[in-house]
Amino acid sequence: TLTVAWPLTGEGGFVNEGEGTVAFGENTFRFNGVCEVVSGTVDLSDAGKLEEVKLRGEGTVRGMTASKVRLMAEADENWNVSGLPTFDGCSADNVVVDFGRTGDSPSNDLPKGIVLGKFTGLAGDVSRWRVANTGYAKVGGRFSVAEDGTLSVDLERKGLTLIVR
């Protein structure tokens, strides 16, 4: 385990590669870029409550407590998602899953059961999570966590749509 004892600041990000653990001490996780957990573990148990965090990668994030989290998802054309970490004992007040799609989807069929990742230990409250950049207009997400900790989302139309013919 490598413990970060000095503040990492600035607009850049942080990349964690390798099977080891990088543990952030109090007030050391202060950069604005994406924390990419390619592999291994980023342990935020001692970092305190974080204001805003951007995450991607397939490693593990442990002990995170945050006000705002943006998960940078990578979804292929069949909505198979890669690039999201396993969450171990994490909690956040506001989470947005950003699919990074800018154009309109060619289909009106909204995907269901998109597997996003896994919770181990304490499963977070996903009732206030949201989706962004899905490629669909006026779409929200209904998130759920299965008994085995699998996190998934069903995309749903939001608002009222009237079709007059």
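Here the structure is shown first, and the text comes after it.
Read on for an overview of the structure.

Quick notes on the rules
Residues numbered from 1 in each chain as written. Predicted model: local features only at pLDDT ≥ 70, side-chain atom pairs only at ≥ 80, totals over all residues. Heavy atoms only, no water. Pairing = 2+ DSSP bridges. Helix = DSSP H or I, 4+ residues; strand = E, 2+ residues; numbered from the N terminus. Buried < 20%, exposed > 50% of the residue type's maximum accessible area, 1.4 Å probe, protein only. Axes fitted to C-alpha atoms, helices over the stretch in contact; angles between N-to-C directions. Phe/Tyr/Trp six-rings, centres within 6.5 Å; stacked < 30°, edge-to-face > 60°. Contact = heavy atoms within 4.5 Å.

### Quick word on the pairing of strand β18 (residues 150-157)
Next, step 1: Taken together, the 4 bridges between strand β15 (residues 114-120) and β18 define a ladder with antiparallel strand orientation. Across the sheet, lysine 118 pairs through a bridge with threonine 150, a residue of β18.
Next, step 2: Taken together, strand β17 (residues 139-145) and the strand that follows it, β18, pair antiparallel across an intervening segment of 4 residues, in which glycine 149 is found at a positive phi of about 95°.

### Comments concerning the pairing of strand β14 (residues 91-101)
Next, step 1: One ladder, built from 7 bridges, connects strand β10 (residues 65-72) with β14; its direction is parallel. Residue pairing in the sheet places alanine 66 in a bridge with alanine 92 of β14.
Next, step 2: Looking at chain direction, β14 and strand β16 (residues 130-134) are connected through 4 bridges and run parallel. When the sheet's bridge partners are listed, valine 96 is paired in β16 with arginine 130.

### Digging into the environment of valine 145
Next, step 1: Tracing the backbone shows valine 145 in strand β17.
Next, step 2: According to the relative accessible area criterion, valine 145 is partly exposed, its value standing at 27%.
Next, step 3: Through-space distance from the C-alpha of valine 145 to that of phenylalanine 119 is 7.9 Å; in sequence the pair is 26 residues apart.

### Considering the sheet that holds strand β9 (residues 60-62)
Next, step 1: Spatially, 8 strands are ordered β1-β4-β7-β9-β13-β15-β18-β17 in an open sheet, and the strand pairing comes out mixed. A strand with exactly one partner marks an edge of an open sheet, and here the two such strands are β1 (2-4) and β17. Across the sheet, the axes of successive neighbouring strands diverge by a mean angle of 25°, strand direction being ignored.
Next, step 2: Where strand β13 (residues 86-88) meets β15, 3 bridges bridge the pair, whose relative direction is parallel. Bridge pairing in β15 links aspartate 88 to threonine 120.

### Concerning the packing of aromatic side chains
Next, step 1: Taken as a whole and judged by the stated rule, the model has 9 aromatic pairs.
Next, step 2: Ring centres of tryptophan 79 and tyrosine 136 lie 6.3 Å apart, and the angle between their planes is 20°; on these two criteria the pair is classed as stacked. Note that tryptophan 79 is positioned in the loop between β11 (74-75) and β12 (81-82) and tyrosine 136 in the loop between β16 and β17, a separation of 57 residues in sequence.
Next, step 3: Taking the centre distance of 5.6 Å and the plane angle of 40° together, the rings of phenylalanine 87 and phenylalanine 119 count as tilted. One end of the pair, phenylalanine 87, is in strand β13; the other, phenylalanine 119, is in strand β15, with 32 residues separating them in the sequence.

### Comments concerning the sheet that holds strand β6 (residues 34-37)
Next, step 1: A sheet is described by the order of its strands in space; here 6 strands give the open sequence β3-β6-β8-β10-β14-β16, paired in parallel fashion. Pairing within the sheet leaves two strands with one partner each, and these edge strands are β3 (14-16) and β16. Neighbouring strand axes in the sheet, compared pairwise and without regard to direction, differ in orientation by 20° on average.
Next, step 2: Taken together, the 5 bridges between strand β8 (residues 50-56) and β10 define a ladder with parallel strand orientation. Within β10, the position partnered with valine 53 by the bridge is valine 69.

### Some details on the environment of serine 67
Next, step 1: With respect to the helices, strands and loops of the structure, serine 67 is situated in strand β10.
Next, step 2: Residue classification places serine 67 among the buried residues on the basis of a relative accessible area of 16%.
Next, step 3: In this structure the C-alpha to C-alpha distance between serine 67 and valine 53, which are 14 residues apart in sequence, comes to 8.3 Å.
Next, step 4: When near neighbours in sequence (up to four residues on either side) are disregarded, serine 67 contacts Lys49, Leu50, Glu51, Asp93 and Asn94.

By themselves these figures say nothing about function.
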